[in-house]
Amino acid sequence: MVLFIKYLLFVLLVIFVIGAAVFSLSSRRALNPQAKGLKRSVMNVMLGAMLVTLSLISMFLFRGSTINIIVEAVFLLIGIFNIFSGLRSYSYYNRSRSQEQHQSKA
């Protein structure tokens, strides 16, 4: 069961890295500031999920020395903050985008 969890976390890590790279590239190519903000916020969520996954992998692979626990905790906290920040900015850009569309209809 632990081996399955390790492989699952590794697959998730690869998915999050690829997703963050794709959204990073697409946000740099976007011309509309609203679309750029939406894509960057999704990229931020992907990077946060990548850090959380990386800390979980570290928890499963290595024994609990003090330095490992500190690094795992830092990665976990930064990842959670990135997820929270990305979701917050996504909701901001989504609201402003819907207000912009609503004003253009009127």
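Here, every reference points to the structure presented above.
Quick summary incoming for the structure in this document. Starting afresh in each chain, residues are numbered from 1 along the sequence in its written order. Totals for whole chains, interfaces and linings use every residue, but because this is a predicted model, local features are given only for residues with pLDDT of at least 70 and side-chain atom pairs only at 80 or more, for both listing and counting. The basis for every side-chain value is the complete set of non-hydrogen atoms in the structure, without hydrogens or water.

### A closer look at the overall build of the chain
Move 1: Counting its secondary structure elements, the chain contains three helices and zero strands.
Move 2: A helix here means a DSSP run of H or I that spans at least four residues, while a strand means a run of E at least two residues long, and both kinds are numbered starting from the N terminus. Listed by position from the N terminus, the elements making up the chain come as α-α-α.
Move 3: Two things to know: the radius of gyration comes from C-alpha atoms, and the globule rule equals 2.2 Å times the number of residues to the power 0.38. A compact globule built from 106 residues should have a C-alpha radius of gyration of about 13 Å, whereas the chain, at 17 Å, is more than 25% larger.
Move 4: The buried label goes to any residue with under 20% of its type's maximum accessible area, the exposed label to any with over 50%, and the partly exposed label to all in between, with areas taken from a 1.4 Å probe on protein chains only. In the chain, which comprises 106 residues, the share counted as buried stands at 27%.
Move 5: Residue contacts are defined here by distance: any two heavy atoms, one from each residue, within 4.5 Å place the two residues in contact. Excluding contacts between residues fewer than 6 apart, the proportion of contacts in the chain whose partners are at least 24 apart in sequence is 73%.

### Focus: the packing of aromatic side chains
Move 1: The pairing test for Phe, Tyr and Trp rings, Trp by its six-membered ring, is centres within 6.5 Å, and the orientation test on the planes gives stacked under 30 degrees, edge-to-face over 60, and tilted for anything in between. For the coordinates displayed, the defined rule picks out one aromatic pair.
Move 2: Judged by centre distance (5.3 Å) and plane angle (70°), the rings of Tyr92 and Tyr93 are edge-to-face.
Move 3: Note on Tyr92: relative accessible area 48%, which makes it partly exposed.

### Brief notes about helix α2 (residues 33-61)
Move 1: To estimate the expected span of a helix, subtract one from its residue number and multiply by 1.5 Å. Here α2 spans 41 Å end to end across 29 residues, near enough to the 42 Å set by a 1.5 Å rise per residue.
Move 2: The backbone nitrogen of Gln34 lies 3.2 Å from a side-chain oxygen of the residue at the head of α2, namely Asn32. Side-chain atoms alone can form a polar contact between residues adjacent in sequence; in general such a contact is a pair of N or O atoms within 3.5 Å, and within protein one must be able to donate a hydrogen while the other accepts it.

### A look at a nonpolar patch on the surface
Move 1: Nonpolar side chains collect at one region of the surface, where Met1, Phe4, Leu8, Phe10, Val11, Leu12, Val14, Ile15, Ile18 and Val22 lie side by side and expose about 970 Å² of accessible area between them.
Move 2: By secondary structure assignment, the location of Phe4 is in helix α1 (residues 2-29).
Move 3: Residue Phe4 is classed as exposed on the basis of its relative accessible area of 53%. Any residue with relative accessible area above 30% and no salt bridge may belong to a patch, with like charges joined within 9 Å and the nonpolar Val, Leu, Ile, Met, Phe, Trp and Tyr side chains within 5 Å. Each accessible area value is a Shrake-Rupley result obtained with a 1.4 Å probe; residue values ignore everything except the protein chains displayed when judging cover. The salt bridge definition used is simple: a Lys or Arg side-chain nitrogen within 4 Å of an Asp or Glu carboxyl oxygen.

### Regarding the nonpolar core
Move 1: Residues belong to a common nonpolar core when they are buried Ala, Val, Leu, Ile, Met, Phe, Trp, Tyr or Cys residues joined through side-chain atoms within 4.5 Å. With nine residues, the main nonpolar core is built from Leu9, Leu13, Phe16, Ala20, Met43, Met46, Ala49, Met50 and Ile57.
Move 2: Residue assignment for this core shows that the elements contributing at least two residues are α1 and α2.
Move 3: Per element, the largest residue contribution to this core is five residues, and it comes from α2.
Move 4: Not counting the four nearest positions on each side in its chain, Ala49 is found in contact with Phe16 and Ile83.

### Observations regarding the side chain of Ser27
Move 1: With respect to the element layout, Ser27 can be found in helix α1.
Move 2: Look at Ser27 and you get buried, because its relative accessible area is 1%.
Move 3: From its side chain, Ser27 meets the backbone oxygen of Ser24 in a polar contact 2.9 Å long.
Move 4: Those residues in contact with Ser27, other than ones at most four positions away along the chain, are Lys36, Lys39 and Arg40.

### Quick look at the side chain of Asn44
Move 1: If you trace the backbone, Asn44 turns up in helix α2.
Move 2: For Asn44, a relative accessible area of 18% gives the class buried.
Move 3: At 3.4 Å, the side chain of Asn44 forms a polar contact with the side chain of Ser85.
Move 4: Excluding residues that lie within four positions of it along the chain, Asn44 makes contacts with Asn82, Ile83, Ser85 and Gly86.

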